[in-house]
Structure formats: structure tokens, C-alpha cells
Amino acid sequence: MPTLTQIAESASATPIPTGAIELLHRLLEDWQVIADLAAADLVLWLPTDDDRFIAVESCRPSTSVTVHAEDPRGLYLPLAREAELRRAMETCEVVRPTAAHWAGTYSMMETCVPIPYQGEVVAVLTREANLSSPRSVQGFDTWTGEAADVLCEMISRGEYPYDSAPTITGHGVPRVQDGAILIDPDGKVLQATPNATSCLRSLGIRESVLGEVLAQRITDVVSDSTIVEESLAVVVMGRAPWRVEVSVQGSTVTMRALPLFNGRKRLGAVILTRDLSELRRREQELMTKDATIREIHHRVKNNLQTVSALLRLQARRSDSESVQTALQEAERRVQAIATVHEALSQDVNEQVDFDEVARTIVRMAGTVASTDHSVDVVTTGEFGSLEAAQAQAMATVLNELVSNSVEHGLADKDGLVQVHAERNGSQLTVTVSDNGAGIQPGRAMTGLGTQIVSQMVRAELQGNIEWLPGAECGTTVVIRAHLNN
């Protein structure tokens, strides 16, 4: 579907100013409020070079029956309805309906609202109410329709959308059906929908607020220990188009003000409310769980480091060279697992960005296993994100392979160990190569380290491993792993 800008460019050879396009986009971001207050469809029309009107966007109400079952975007306005749109463009005034129009099998009332930019009307907004809607027939909440009338008048004078309004998109933004309150210029409540009354009750305001100053009633229930946003008074008095959250004894209600103006004269405001108590409670539970998970990983890391230190201490106290070697290998393996838990303690998604972990592990393995010779360990490629269990397995595998290359392949010479990773979706290929002495036939699978590696590659990493002689010298180990994420 073409965008507003694309339709505007195709409709007229004269480009619409960039500022006018931005104005229309700001209106579209927030026109759902008008549709819901008016219980009517909204359609944005642009004039074309062939003296017609083309629909560029539409919005259906969530508080009434729609007029347009099919999307009108890209369609031209019927000739019989053009006269009122032209009058709105020429007079820059809202043109109210004098009679109903037939739309298929039902009738509708159409209001035409000009949208000016720098003194010229650049588009027209039609407000189309389905007269067969039960809400329209019963006259339900007529004050909301009157509030929509004021907002439409503000559009025709360039007072809406608000210049100072922050971005209103986001999780938990109040809608008309969530609750709406009409206040006068002094902040007194004139009307309130049932849902708005329920929102106030959740804050502890049990009695009717009609005729009362809303700001005073909210102040009465907010305790001295409650953290109150600085913009609360401005919002509940309807003086600025901002949004604020009010929390009282575990209940949270978000409020958004829609100030109503007539030039410089304040007419009052519509306050939209929404009860977010359950949403905030769940968010708090998730935050608590996330913090607990991070703390668990942090404590596991600390415990593993303690075990590593004990193994190192025990190795120093042993007189047996074979015991010292075994304890040092165990210490190195524990430290590799601790590195993964340190990464997990920074995130709660049980996913590890393994690139930095891999560099840490191979650097540590090369340093611990190195002898008096100079051995460089280089890591290239990308591992990507691994889930926790497979990250621990891969950390152990890399630790073993790099240590073996340093201790055995490069035991008596300077050299280089290269670790290269290639990620393709769920497939990960890791190559560990050195320029050492190479492997002897039949000896690759005899050591404990290589047995650990083979078992983890087959089980946790769901892959296979292959030991190969290097192209000129040394050993190349290729791991092909199937990742769960």
C-alpha cells in the first residue's frame, strides 16, 4: 500500500511542503482519539491535479460501528460528496452535515474538517458517523461527541495536533474506551465514563467526582510517601497535553490530558485514564525474577571462582607433578564455565553473546597452558548468540582444544593458534588450528581432554568433530555444531 507521501506525489505535480507532510503525520499519529470520541470513521483526503479528492489514510473507531468495511485508501471521493469538501477548503471552516448520506445499505453523517498549513488548506479530514450504530441511536455519551467537535475546530485553526505534545505511542497509553473525563477550565469534573469512574475507584476515590476539582480529589488520596511525578498537577488540570502515572497503594492509573482551546481561551480538557495496576504488577514480578536470575548466575560464578582458587591452592601444595597437572586442568575447566556464568549474570535471556566469551576463554587457556615459549592465540569470525547450556559446552570445548594445542602441539617451540568461527543460522562451524608438531595416527582420541570434547560436541552441541593434519604442519580441528537458537 502506498504511503501518504507517495500518494501525495502521485496526486499532484505541485509538491506538498515538507512541513505540511510532517503536520499530517503528527495528526495521523493521534487521530484515533478523535475517532473514538466522535464514534466515527476518519478519512484524510488530498486534492488532486484533476480537481478530485483522493483518500490517503483512514481510521476506524473502536467505540462504534465502522462506515468503511473496505479500506478507502487510494480511492477517489464520489462526485456527489465533493461540494462540502470544497467549501471546507475555501472557507477554512468546519462544514457540518445538513443531511445524511447513504453509504451502501446504511446512512451516515459527514463532517468536513479543513487542515491548514501556513494559511493554506492542504488537506481535508472527513468525520463519518454510521447512523445505524447503537451508540448513535441511543445518544450514548453525547459529551464525547461534543469534545470531538472542539478538537475538529482546533484542527481547522491549526491548534491540533499539539505542538508541545510528546510522543504518545507506547505500551499502556490510555484510550477513550479505557476511560474519559471531561473537566472545565477550572479543573472541575463535568462528565465521566463508567470506565473512568472505575479507574478512580482503584486509586481509592470512592465517591462521585462530578462537580469536584479532579486535582484536589487525586491529591487527597496520594500519601506523603508516594512518589509523584512533577507533571501530575499540569495533567489533571488539563493544562498541557502530557501523560502521567499515579500510583496509590499498589494501584496504578495512567492519565493523559487533551486540552480544549478556542484560540487563547481554555475550554477545559478531556482526561483519558487507564488502569495499569495488573500490567505494572506483572512488570514488577518480571523485574524481580530477572534480578533473581542475574543474582543466581553471579553467585554461581563466584562459587566457581572459589572452587578454582581452591584447586590452584591444592595444586601448589602437592609434590606430585601428575597431581599438579590434573588439578591445573580441572581449575582451567572450572574457570571456563565461570566465564560463561559471568556473561549470563549480565543478561536474563539465558542467551550469551559468545564472541567476547570466546576471546576471553582462548586468551585465558593460552596464557595458563603456555610454557616458556611464545604462543599467540588469535580469534576470528563470529559465534553469535548461544543459549546457556550450549555456551557452557562450547566454552569447555574451546578451552580444551586451545590448551592441547599449546601444551602438546607447541610444547617446544614458538607458534600460533587460530580459532575461526562461521555462523550460518543455526549451523556453527568452528576451526581450531595450530602450526605445531601435528598429531600421530590413532592418538587423537586417547586423552581425557579430547574425550570430553567429543562427548560435548555430540551431546550438547548436537554436532561432530574431526581432527585433521594441517596443510603444512600442525593440527586442525573442525567442529560442526547445530545450535538450538
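The rules behind the values
Residues numbered from 1 in each chain as written. Predicted model: local features only at pLDDT ≥ 70, side-chain atom pairs only at ≥ 80, totals over all residues. Heavy atoms only, no water. Helix = DSSP H or I, 4+ residues; strand = E, 2+ residues; numbered from the N terminus. Buried < 20%, exposed > 50% of the residue type's maximum accessible area, 1.4 Å probe, protein only. Pairing = 2+ DSSP bridges. Phe/Tyr/Trp six-rings, centres within 6.5 Å; stacked < 30°, edge-to-face > 60°. Arc of directions from axis to C-beta. Contact = heavy atoms within 4.5 Å. Axes fitted to C-alpha atoms, helices over the stretch in contact; angles between N-to-C directions.

Novice: Report on the environment of Leu428, specifying residues and quantitative values.
Specialist: Within the element layout of this structure, Leu428 appears in strand E15 (residues 427-434). Distance from Leu428 to Phe383, taken between C-alpha atoms, is 7.1 Å for residues 45 residues apart in sequence.

Novice: So what's going on with unusual backbone geometry? Residues and values would help.
Specialist: Here Tyr160 and Pro161 are connected by a cis peptide whose omega angle stands at 5 degrees. Within the secondary structure, Pro161 is located in the loop between helix H6 (142-156) and strand E6 (180-183). Of note, the phi angle at Ala39 is positive, near 55 degrees, even though the residue is not glycine. If you trace the backbone, Ala39 turns up in the loop between helix H3 (32-38) and strand E1 (41-47). Judged by relative accessible area, which is 4%, Ala39 ranks as buried. A positive phi angle, near 50 degrees, is found at Gln462, a position not held by glycine. On the secondary structure map, Gln462 appears in the loop between helix H14 (448-459) and strand E16 (464-469).

Novice: Can you explain the pairing of E15? Please cite residues and give values.
Specialist: As paired elements, strand E14 (residues 415-424) and E15 share 8 bridges and run antiparallel to each other. Residue pairing in the sheet places Val417 in a bridge with Asp434 of E15. Linking E14 back to E15 in an antiparallel pair, the connection comprises 2 residues, with Gly425 at a positive phi of about 65 degrees. The pairing of E15 with strand E17 (residues 475-482) spans 7 bridges and is antiparallel. Each residue of the ladder has a partner; that of Gln427, found in E17, is His482.

Novice: Talk me through the packing of aromatic side chains; I want residue IDs and the actual numbers.
Specialist: According to the stated counting rule, one finds 2 aromatic pairs in the structure shown. An angle of 80 degrees between the planes, with centres 5.0 Å apart, marks the rings of Tyr160 and Tyr162 as edge-to-face. Just as Tyr160 is buried, Tyr162 falls in that class too. Taking the centre distance of 5.3 Å and the plane angle of 65 degrees together, the rings of Phe354 and Phe383 count as edge-to-face. Placement of the pair is Phe354 in helix H12 (residues 354-369) and Phe383 in the loop between strand E12 (375-381) and strand E13 (385-387), with a sequence separation of 29 residues.

Novice: Give me the lowdown on helix H7 (residues 194-202), citing residues and values where you can.
Specialist: Because an α-helix packs 3.6 residues into every turn, residues spaced three or four apart end up facing the same way. Of all the positions in H7, only Ala196, Cys199 and Leu200 are classed as buried. All buried residues of H7 lie within an arc of 95 degrees about the axis, which places them on one face of the element. Lining the buried residues of H7 we find E6, helix H8 (214-221), strand E9 (251-262) and strand E10 (265-275).

Novice: Report on the sheet that holds strand E8 (residues 243-248), specifying residues and quantitative values.
Specialist: Taken in spatial order, the 5 strands line up as E7-E6-E10-E9-E8 in an open sheet, and their pairing is antiparallel. A single partner strand is all that each edge strand has here, and the edge strands are strand E7 (189-192) and E8. Each strand axis lies, on average, 25 degrees off the axis of its neighbour in the sheet, ignoring direction. With 10 bridges joining them, E9 and E10 adopt antiparallel strand pairing. If you follow Arg256 over to E10, its bridge partner there is Leu272. Seen against the sheet, H6 touches E6, E7, E9 and E10 and runs at an angle of roughly 55 degrees to E9. Each of E6, E7, E9 and E10 is contacted by H7, which is oriented at about 70 degrees to E10, the strand it contacts most.

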